[in-house]
2 protein chains.
Amino acid sequence: MRDFSQSHEWLSINTATLRRQWPLDRIINECARRGIRAISPWRDQVAAVGLQAVARQVRETGLTLSGYCRGGFFPAADAAGLAAAIDDNRRAIDEACTLGAPCLVLVVGSLPGALEGQPLHRDIARARTEVTDGIAATLEHARRAGMPLAIEPLHPMQAAERACINTLEHALDVCDALDPTRSGTLGVAVDLYHVWWDPKLMRQIDRAGRTRLLAFHVCDWLTPTRDLLNDRGMMGDGVIEIRKARAHMEAAGYAGHCEVEIFSERWWGRPGEEVLDTCIARHRSVV
Amino acid sequence: MRDFSQSHEWLSINTATLRRQWPLDRIINECARRGIRAISPWRDQVAAVGLQAVARQVRETGLTLSGYCRGGFFPAADAAGLAAAIDDNRRAIDEACTLGAPCLVLVVGSLPGALEGQPLHRDIARARTEVTDGIAATLEHARRAGMPLAIEPLHPMQAAERACINTLEHALDVCDALDPTRSGTLGVAVDLYHVWWDPKLMRQIDRAGRTRLLAFHVCDWLTPTRDLLNDRGMMGDGVIEIRKARAHMEAAGYAGHCEVEIFSERWWGRPGEEVLDTCIARHRSVV
C-alpha cells in the first residue's frame, strides 16, 4: 500500500469541492501552486471557462486529470429524450478526450423528471434497462475515442433522482454484460461516500480488479448527516474506514489517484485556500 | 393477489405514525372506531400507557397486532453493553408475548454512540458481528417464548446510526446462518421505504418465502426527500411501486397485514383523524 503520509502526489481534487468559491481557472492555479498534481473537473465548470482554454491551462500547469464529470442521465420519457442523452454522452466523451481525462464518470440517471421533483413514472426497472441500453449505445464511440466509461454507483438515497445503479455489484453486472472481455473501455468509479455501507463492498472491489477500477473518490459520512445531497464530510470527520478501503483497492490492483469530492454547504462556505490545505493535510493523515 | 380496494381488513397502523398526535390508548380507540383491525405499537408508547393496560385494551377492542417495535441495537462499546442489549431484547420478547404480537421487529443497531452523534469507533464489520452474535444469543429465548424475531433491513442512509443490516439479502444471510432449518423463529420485516431501491429486492423476497416474511411495511419515498429520518411520504405521494411489491410478497407466500409506518414532520403536523382517514383511503387506492 502506498504511503501517503509524506506526499500528496496521488491527491486529486474534484473541482465541485470548490465550485462556490472559485471559477475553474482559479481552482487549477490554486491546486498547481500547492503541488496538487491532478483534478477532476465538471462539465459546467469547464464550459464556464471554455474547453480549449481549460485544456491549455491544464497542459501548461502540468496537471493531469483523474476523471471528467460527468456523463450519464440516460433514462428519458420518450425516444427523442433517449437519443438526446446518447448524443450528449458522445459530446462528453469528446470533451474528455480534449482535456486528456483518463475516464468519463457516468452518473447514470433514474426516473425522468424526479430530479425536478416531478417524476414522470415510477418504473425503476425501466430506468435500469434504459441505462444499460444507453451505455451500450455509447460504448462504441468511447472505444473509438479511447475514452473509458466509469459507472459510478450512487448512494441508494439518490436512487430516484440521480442514479438507479446504487451498488458496486450492480455496476459490475452491467460492465460484465456489456463488456465481457474486460476491454478496458468500461469500468467503475468507486466513491466511498456512496458505497461505504455495503457489506459486499470489499468482495466487489476484488471482483472489479485492475481493469474495472477506473477511479477512487473519497470524503466522509457524517453522523448525523443533515442533507441528502450537500452534507458530505472532510476525510476523518465521519465514520468511513477510508484507509481500509484504499488498502483493499490497491490490493485489487488500483494504482491511480485518490480524488477528494466534497459536496458540502459547510465547506463551500469556507475560504478555498483553507479547503485545499485541509484536503492536503487529511490526505496525508487519514487517507 | 388480495383485493384491497373494497376493504381495509389487512391494514395495520404502526403507531409511530401518530406518536405526536395521541397517546397509544387514544390511537387504539381511533383505529378501532374506523374498522382498522391491527396496529403495531412501539415500546415507549406502550410503556407510557402501561403494558397490562394496553394488552387489555387490545383484547377488548378486538384488535390484533402486526408486530411489536422494537428490539435490536445489539452493538455496544464493551461487554457490559452487549449483555445489557441482550437482556433488553429478552424483555422486549416478553412484552411482545404479553401483547400477543406475531413478531418482534429488530432494528439491529450499528456503531455505538453514532445515534448520539459521537461514534465510538468506525468498524462496521465489528458491529455486524455483534449483531449476529446478539441475535444468536436472543434466539433461544425467542424460541421458548414462541415469539419470532423479524430483522428489518434499514435504508443505507441509516447504516451508521440505526442498523448495519441494510439489504434484504444481508438480513436473509443472517437468518440462514442462525436458523438454517427455517424454524419460523427468525425472519425479516420488509419495509418498502428501506428496500425499494434495491435491484435484488424481488429475488430476495422470493428467497425469503413464506416462513421468513414476517411483516410488510409501506409508506412512500418522496422526491425530493428533505430529511434522512422524518420525511417519509404517504402511499401514492412518492415513487415506490407499492402494488408491484405487494404482489411479489403475496406470490412468495406472504398473507399478513400491510402496515403503514410514516415518520413524517408533515403528517405529524396534521390532525390524527385526517392521517387515519388518509391511510385508509390510500390503502384502498394505492396499496
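Here goes a summary of the coordinates provided.

Focus: the sheet that holds strand β6 (residues 149–151) of chain B
Residue and element names in this part refer to chain B.
- With parallel pairing, 9 strands are arranged side by side in an open sheet as β3-β2-β1-β9-β8-β7-β6-β5-β4. Lying at the two open borders of the sheet, with one neighbouring strand each, are β3 (64–65) and β4 (68–72).
- Summarising the sheet, strand β1 (residues 11–14) and strand β2 (residues 38–40) pair through 3 bridges and their orientation is parallel. Paired with Ile13 across the two strands is Ile39, which belongs to β2.
- Contacting β3, β4, β5 (104–107) and β6, helix α4 (residues 79–99) runs over the sheet at an angle of about 160 degrees to β4.
- Packed onto the sheet, helix α9 (residues 242–251) meets β7 (186–191), β8 (213–218) and β9 (258–260) and runs at close to 170 degrees relative to β8.

Quick look at the side chain of Glu152 of chain A
Residues and elements named next belong to chain A.
- Along the chain, the position of Glu152 falls in the loop between β6 (149–151) and α6 (168–178).
- Although Glu152 is buried, it makes no salt bridge; Arg232 carries the closest opposite charge, 5.3 Å away.
- Filtering out sequence-adjacent residues up to four positions away, Glu152 remains in contact with Val105, Leu106, Val107, Ile165, Ala189, Asp191, His194, His217 and Glu261.

Description of helix α3 (residues 51–61) of chain B
All names here are of chain B.
- For α3, the full list of buried residues reads Val54, Ala55, Gln57 and Val58. Along α3, the residues classed as buried sweep out an arc of 165 degrees about the axis, all on the same side. What points out from α3, more than 90 degrees from its buried face, is the exposed set Gln52, Arg59 and Glu60.
- Packed against the buried residues of α3 are α1 (24–33), α2 (43–49), β3 and α4.
- Of the residues one or two after α3, Gly62 is the one with positive phi, at around 75 degrees.

What to know about the relation of the copies chain B and chain A
- Superposing chain B onto chain A takes a rotation of 180 degrees plus a shift of 0.0 Å along the axis, which leaves an RMSD of 0.0 Å. Expressed as a symmetry operation, the mapping of one chain copy onto the other fits a two-fold axis.
- Comparing interface residues between copies, 100% of those in chain B also sit at the interface in chain A, which points to an isologous, same-surface contact.

Comments concerning the pairing of strand β4 (residues 68–72) of chain A
Residue and element names in this part refer to chain A.
- The element β4 is largely enclosed, with a buried count of 4 among its 5 residues.
- Alignment of β4 against strand β5 (residues 104–107), held across 4 bridges, turns out to be parallel. The residue bridging Tyr68 from the neighbouring strand is Leu104, located in β5.

Some remarks on the environment of Ala160 of chain B
- Along the polypeptide, Ala160 of chain B turns up in the loop between β6 and α6 (168–178).
- Note on Ala160 of chain B: relative accessible area 0%, which makes it buried.
- As a C-alpha pair, Ala160 of chain B and Gly109 of chain B span 51 residues in sequence and 8.4 Å in three-dimensional space.
- When neighbours within four sequence positions are excluded, Ala160 of chain B is seen to be in contact with Trp196, Trp221, Thr223 and Val239 of chain A together with Ser110, Leu111 and Ala114 of chain B.

A word on the side chain of Lys200 of chain A
- Tracing the sequence through the fold places Lys200 of chain A in the loop between α7 (192–195) and α8 (201–212).
- Engagement of the side chain of Lys200 of chain A in a polar contact is seen with the side chain of Glu169 of chain B, the distance being 3.2 Å.
- Leave out the neighbours within four places in its chain, and Lys200 of chain A touches Glu169 of chain A together with Glu169 and Lys200 of chain B.

Observations concerning the pattern of salt bridges
- On inspection of all chains with the given rule, the structure shows 56 salt bridges over all chains.
- Residue Arg91 of chain A is joined to Asp88 of chain A by a salt bridge in which the shortest nitrogen-to-oxygen separation is 3.2 Å. One end of the pair, Arg91 of chain A, and the other, Asp88 of chain A, are both in helix α4 (residues 79–99), 3 residues apart, so they sit about a helical turn from each other.
- Accessibility expressed as a relative area gives 45% for Arg91 of chain A, which makes it partly exposed.
- For Arg19 of chain B, the salt bridge is made with Asp44 of chain B, and the minimal N-O distance between the two is 2.8 Å. Here Arg19 of chain B, found in the loop between β1 and α1, pairs with Asp44 of chain B, found in helix α2; they are 25 residues apart in sequence, far enough to count as distant.

Side note on the sheet that holds β5 of chain A
All names here are of chain A.
- Across the sheet, 9 strands lie side by side as β3-β2-β1-β9-β8-β7-β6-β5-β4; this open sheet has parallel pairing. Because the sheet does not close on itself, it has two edges, and the strands there are β3 (64–65) and β4.
- When β6 meets strand β7 (residues 186–191), the two strands line up parallel, connected through 3 bridges. In the sheet register, Leu149 faces β7, and the bridge partner there is Leu186.

Details of the interface of chain B and chain A
- If you look at the interface, chain B gives 36 residues, while chain A gives 36 residues.
- Here chain B packs against chain A, burying approximately 2,800 Å² in sum over the two surfaces, 61% of which is carbon and sulfur.
- For chain B, the biggest contributors to the area lost against chain A are Arg122, Trp197 and Leu228 of chain B; these three give 22% of the whole.
- Where Glu169 of chain A meets Lys200 of chain B, a salt bridge forms, and the shortest distance between an N and an O atom there is 3.1 Å.
- The tally of links from chain B across to chain A stands at 8 residue pairs in polar contact (both at pLDDT 80 or more).
- Sorting the residues of the side of chain B that touches chain A by element identifies α5 (124–145) and α6 of chain B as the ones contributing at least two each.
- Here the side of chain B that touches chain A is built from residues that sort into 16 nonpolar, 9 polar and 11 charged.

Section: unusual backbone geometry
- A cis amide bond links Cys69 of chain A to the next residue, Arg70 of chain A, at an omega of 0 degrees.
- For Arg70 of chain A, the location among the structural elements is in strand β4.
- In this model, Thr223 of chain B is joined to Pro224 of chain B through a cis peptide bond whose omega is -5 degrees.
- Within the secondary structure layout, Pro224 of chain B lies in the loop between β8 and α9.
- Positive phi, close to 55 degrees, is recorded for Arg182 of chain A, a residue that is not glycine.
- Mapped onto the elements, Arg182 of chain A comes out in the loop between α6 and β7.
- By relative accessible area, Arg182 of chain A is classed as partly exposed at 32%.

Conventions adopted
Residues numbered from 1 in each chain as written. Chains lettered and ligands numbered in written order. Predicted model: local features only at pLDDT ≥ 70, side-chain atom pairs only at ≥ 80, totals over all residues. Heavy atoms only, no water. Pairing = 2+ DSSP bridges. Helix = DSSP H or I, 4+ residues; strand = E, 2+ residues; numbered from the N terminus. Contact = heavy atoms within 4.5 Å. Axes fitted to C-alpha atoms, helices over the stretch in contact; angles between N-to-C directions. Buried < 20%, exposed > 50% of the residue type's maximum accessible area, 1.4 Å probe, protein only. Lys, Arg positive; Asp, Glu negative; His and termini not counted. Salt bridge = Lys/Arg side-chain N within 4 Å of Asp/Glu carboxyl O. Arc of directions from axis to C-beta. Least-squares fit on C-alpha atoms with pLDDT ≥ 70 in both. Polar contact = N/O pair within 3.5 Å; in protein donor to acceptor, adjacent residues only side chain to side chain. Buried area = accessible area lost by both parts, 1.4 Å probe. Nonpolar A, V, L, I, M, F, W, Y, C, P; charged D, E, K, R; others polar.

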